[in-house]
Amino acid sequence: MRIRILFLFLLIHTLWVVADDNKLTGSVIGTTETVDYSTFGKSTTVNTRDKAFDGDLNTYFASWERNYTWTGLDLGAPHVITRVGWSPRNDVHGEDRVLLGVFEGANREDFMDALPLHIIKERGTIGEMSYASVDCSAGFRYVRYIGPSDARCNIAELEFYGHPGEGDQSHLSRLTNLPTVSIHTLNGAIPYDKEHDITAQISIIGDDGEGLLTEPGSIRERGNYSRSFPKKPYRIKFDKKQHVLDAPAKAKKWTLINNYGDKTLMRNLLAFDLSQRMGMPYTPYGRAVDVLLNGEYKGCYQLCDQVNVNKNRVNITEMTPQDTLGSALTGGYLFEIDAYAGDERSWFWSSGGNPVTIKSPDEDSIATAQFNYIKSHFNKVESQWRTYLDLSTFLRHFLVGELSGNTDTYWSVFMYKERDDDRVYTGPVWDFDLAFNNDNRTYPVNTKSDYIYRSGGSCTGNMRNFVDRIVVYDASAQARLLEIWDEARQNGLTKESLVAYVDQLEEELDQSQTLNFLRWPIMDSYVHQNPRIWGSYSEEVDNVRRFISERVDWMDRKLNYTYIPSSITEVNIDFNEPYEVYSSSGRYCGHSLSGQGHGVYIVKQRGKALKVVQ
């Protein structure tokens, strides 16, 4: 009886929603300057924004500007949008011009608080309306359609359906299965360099469309060589510190890495996984996301930590300009051996011939005594590395670079020093778009007999010689390197587990990569340092899979290492019974495997020791 009542309730509710799913009307709003194709001149009287709502499939709206233009409706009051419709302009390019067009809803007239409703993923049909359901519980007064890049927002007809109501934020639309990052700037300004911040409202829609972070902040470009690509990398900064998605850090600054030359869109995520497996003290947070800027689709990005001083990032003392004497002067410092150091304001050449950028204290607050101290101390690291270099982090960082076949490992190296600690630590790992067999200067990596940094890798300054002194010519460092490699291998670093993670990312990225390569149709082009054109996303990922499988064996041979699995028998756990979790070294990790990272764990249950690899 309860099932019948529930069914009737759902049926009545569905019928009520459908009955109330009206075609909405309102005041037409949007871009005013249009193009008159008869003269190819600017106009405000032909092909205007209202043509998209006149019910005539033979008329159309066409803006003068080619990007970030739109037309929509002021509904007068909030409405929950349940469906959108569109029809392309009737011309030879019309059906393609709607691909990646975006529908948005907002409650501010300037659309700074806008959220996505739908993105068009397929070509339209001239002379017909296409429709899509909108799965969004929030209500919006203003709705609009933003044309895709370089399309002049050409659209013949638009329709919005829904019912009055303010709704709620229990479920919001995303572009794909990934989180959506939607950024709107004041007056529609577009970031143009990495010095000037553009005022913005930053909205991040989490997993399953649940959880909305929307806060004021700013955006600007970031990066060095990556800024030369048409798909720009960005730095976003909230006005106040925020927890973003499931990231450990609460911070203002975050990065959106473009991964333009990495057609798998996963190389940095794979490298971060290697960093965790290799036991680096801090690995940057990274998550694949879809990005919108002022309603225009920008592609699949990696939302990532900004590398800075933070208790959940580089966990060292944050200095003030007054820290210029005694113990206070000794730290903490974050710096980077950096091929692009000369472009920065706070940098120096070391006595060993390496360019170093000081990241913290930053260029606006660093005192002269602090600058001189870290320069002098780094010179000690170069000349007396056994005393002043933390060997463990240096070698773990080295192994991540070599296992991934990263050409740029010593083109840019982050390091840090804590207060009252003479040692300098290496990390975090960063910048892997050319790793995993993606650089024509070193491809194919696994055919080389020596390490990548000695076989065509890009080393700034005299870093190649510095690394040689440790890894090649010091017997104790070589012994420690082998210990760290054995530790990682025994803790679950196998080619099978690495390939399984590639498989997982491929599935997770599938929807987003499809849209990304519609926006950036480069799959059949050589971009950046691509060594080959593989021709499809699956083949690009297969290249990575093959490389990883071969690379683990290559590293074993290079290190003269034989992998012998632990003698503890692998046994299934009865999750209905209590158990305790320990690391392979015997450290207690809790009473649940949930939330534990990759590796080998020892589980004690009913008097037995069980080996678990996850």
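For the structure, check the block above.
Residues numbered from 1 in each chain as written. Predicted model: local features only at pLDDT ≥ 70, side-chain atom pairs only at ≥ 80, totals over all residues. Heavy atoms only, no water.

> Explain the sheet that holds strand β17 (residues 296–305) to me, using residue names and the numbers behind them.
Read once around its circumference, the closed barrel built from seven strands follows the order β11-β12-β13-β14-β15-β17-β16, with strand pairing classed as mixed. Across the sheet, the mean angle separating the axes of adjacent strands is 35 degrees when strand polarity is ignored. Pairing of strand β12 (residues 198–205) with strand β13 (residues 212–221), which is carried by eight bridges, proceeds in the antiparallel orientation. The partner of Ser 203 across the bridge, within β13, is Thr 214. Where helix α9 (residues 495–519) meets the sheet, it contacts β16 (286–293) and β17, and its direction lies at approximately 130 degrees from that of β17. (Pairing = 2+ DSSP bridges. Helix = DSSP H or I, 4+ residues; strand = E, 2+ residues; numbered from the N terminus. Axes fitted to C-alpha atoms, helices over the stretch in contact; angles between N-to-C directions. Contact = heavy atoms within 4.5 Å.)

> Outline helix α7 (residues 463–472), listing residues and values.
Among the residues of α7, Met 463, Phe 466, Val 467, Asp 468, Ile 470 and Val 471 are the ones counted as buried. Check the buried side of α7 and you find it contacts β18 (333–338), α4 (368–383), α5 (385–388), α6 (391–403), β21 (412–417) and α8 (475–490). (Buried < 20%, exposed > 50% of the residue type's maximum accessible area, 1.4 Å probe, protein only.)

> Now, about the sheet that holds β18: what can you tell me, with residues and values included?
Two orientations exist for strands paired in a sheet by backbone hydrogen bonds: parallel and antiparallel. As summarised here, the arrangement of the five strands in space is β19-β20-β18-β21-β22, forming an open sheet in which the pairing is antiparallel. Each end of this open sheet is capped by a strand with a single partner; those strands are β19 (347–349) and β22 (425–426). Of the pairings in the sheet, the one linking β21 to β22 comprises two bridges and is antiparallel in character. Along β22, the bridge assignment pairs Tyr 416 with Tyr 425.

> Go over the pattern of salt bridges, please, and point to the residues and values.
This model, assessed by the stated rule, comprises 40 salt bridges. Between Lys 194 and Glu 344 there is a salt bridge, with its nearest N and O atoms 4.0 Å apart. Of the two residues, Lys 194 is situated in the loop between β11 (180–185) and β12 and Glu 344 in the loop between β18 and β19; the sequence distance between them amounts to 150 residues. Asp 207 is paired through a salt bridge with Arg 287; the nearest N and O atoms lie 2.5 Å apart. On the criterion of sequence distance, the pair formed by Asp 207 in the loop between β12 and β13 and Arg 287 in strand β16 is long-range, its members being 80 residues apart. Residue Asp 207 is classed as partly exposed on the basis of its relative accessible area, which comes to 35%. The exposure class assigned to Arg 287 is buried, which follows from its relative accessible area of 17%. Several salt bridges converge on common partners, so that one network encompasses Asp 450, Arg 454, Asp 468 and Lys 558. (Salt bridge = Lys/Arg side-chain N within 4 Å of Asp/Glu carboxyl O.)

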